[in-house]
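Tertiary structure, described
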Amino acid sequence: MSYIVRFVETPEDLAKCHDVRLKVFSDEQGYDRSVEIDEIDSECLHWVALDTTTNQGVGTARLYKYSPTVGKVGRVAVLSSTRGSGLGRLIMEALEKYVIEHTELDKLALSSQVPRKGFYEKLGYVASGDEYPDEGQPHIYMEKTLPARK
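Being a predicted model, the structure only gives us computed values, none of them experimental. (Residues numbered from 1 in each chain as written. Predicted model: local features only at pLDDT ≥ 70, side-chain atom pairs only at ≥ 80, totals over all residues. Heavy atoms only, no water.)

1. Some words on the pattern of salt bridges
Which entries qualify depends on this criterion: When a carboxyl oxygen of Asp or Glu is within 4 Å of a side-chain nitrogen of Lys or Arg, the pair counts as a salt bridge. Exposure is judged per residue with a 1.4 Å probe applied to protein chains only, and the accessible area is read against the type maximum: over 50% gives exposed, under 20% gives buried, and values in between give partly exposed.
If you walk through the whole model with that rule in mind, you get six salt bridges. Between Arg6 and Asp13 there is a salt bridge, with its nearest N and O atoms 2.7 Å apart. The class for Arg6 is partly exposed, based on a relative accessible area of 32%. A salt bridge links Glu101 to Lys97; its shortest N-O distance comes to 3.1 Å.

Below you can see the structure in the form of structure tokens.
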């Protein structure tokens, strides 16, 4: 399969993000489509990964403005059929490139499930603090300092 990742600017792309999240996250994990449907107008930025053959959403990520200098990555999700394909890395690289080129954020932060910590470490994120429970899973806070802008 071949994928493209793009910044979400249309309601159609936002709907594809929601469809991916509905397939990946259960109601027990706190995903509520009705609450999140209007986020295209908020301070929450979205990215969608599409299968280039079918134009269907296969992955997504979003970014919240956590503070004036820190963005919080949230709900990175890829369909189970794409796991191991490098799609998660493509999504994170697209998100980081956009942040560097279009924002003044200096750092990205996220909360990772402990078993997925290694994935984010390979992308340059560093764990800080102790593990804590969230949604029934052990999590850890991680940060990445972005390169200085020219």
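Moving on from the coordinates now.
2. Things to note about the side chain of Gln113
Going by this rule: Strands here are runs of E lasting at least two residues and helices are runs of H or I lasting at least four, both read from the DSSP assignment and numbered beginning at the N terminus. In this description, contact between two residues means that some pair of their heavy atoms is separated by no more than 4.5 Å.
Topologically, Gln113 is positioned in strand β5 (residues 107-113). Discounting chain neighbours no more than four positions away, the residues touching Gln113 are Gln137, Pro138 and His139.

3. Side note on unusual backbone geometry
Non-glycine residue Asn55 carries a positive phi angle of around 60 degrees. Checked against the element boundaries, Asn55 lands in the loop between β2 (44-51) and β3 (57-65).

4. What about the environment of Gly59?
As for its position among the elements, Gly59 is in strand β3. With 29 residues separating them in the primary sequence, Gly59 and Gly88 have C-alpha atoms 7.6 Å apart. Setting aside chain neighbours within four positions, we find Gly59 in contact with Val20, Trp47, Val48, Ala49, Ala77, Val78, Leu87 and Ile91.

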